[in-house]
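These are the residues of each chain, in order.
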Amino acid sequence: MWKFDDDADRRAFWAGVYGDANFMAFAAKIRPLIAEQQNKLMLSAPWGPQP
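Quick look at the structure, then. Everything numeric in this text was worked out from a predicted model, so none of it was measured. (Residues numbered from 1 in each chain as written. Predicted model: local features only at pLDDT ≥ 70, side-chain atom pairs only at ≥ 80, totals over all residues. Heavy atoms only, no water.)

Turning our attention to the pattern of salt bridges. Inspection of the entire model under this criterion finds two salt bridges. Notably, a salt bridge pairs R11 with D7, separated by 2.7 Å at the nearest N-O pair. Remark: D7 and R11 occur in helix 1 (residues 7-18); sequence separation between them is four residues, near one turn of the helix. Connected through salt bridges with shared partners, the residues D7, R10 and R11 form a single ionic network. (Salt bridge = Lys/Arg side-chain N within 4 Å of Asp/Glu carboxyl O. Helix = DSSP H or I, 4+ residues; strand = E, 2+ residues; numbered from the N terminus.)

Let us look at the packing of aromatic side chains. Overall, the coordinates contain seven aromatic pairs when judged by the stated rule. For the ring pair W2 and W14, a centre distance of 5.1 Å and an interplane angle of 85° mean the geometry is edge-to-face. Residue W2 is found in the segment before helix 1, and its partner W14 is found in helix 1; the two are separated by twelve residues along the sequence. The exposed category is assigned to W2, whose relative accessible area is 57%. (Phe/Tyr/Trp six-rings, centres within 6.5 Å; stacked < 30°, edge-to-face > 60°. Buried < 20%, exposed > 50% of the residue type's maximum accessible area, 1.4 Å probe, protein only.)

The next subject is the environment of D5. Relative to the elements of secondary structure, D5 occurs in the segment before helix 1. On the basis of relative accessible area, D5 is assigned to the exposed category, the value being 67%. On a C-alpha basis, the gap between D5 and P46 in space is 16 Å, while along the polypeptide they are 41 residues apart.

Here it is as structure tokens:
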């Protein structure tokens, strides 16, 4: 689980990850082993801790 300040922060992070040749080499090896993946964007609950 990752926390981002906003959508621009999330997009910048993943642009950096996918621009990393070492990560892409790792992803090519592990991708066949992943049976399922789910992505969800979540918001903090209004009654929970706030930054």
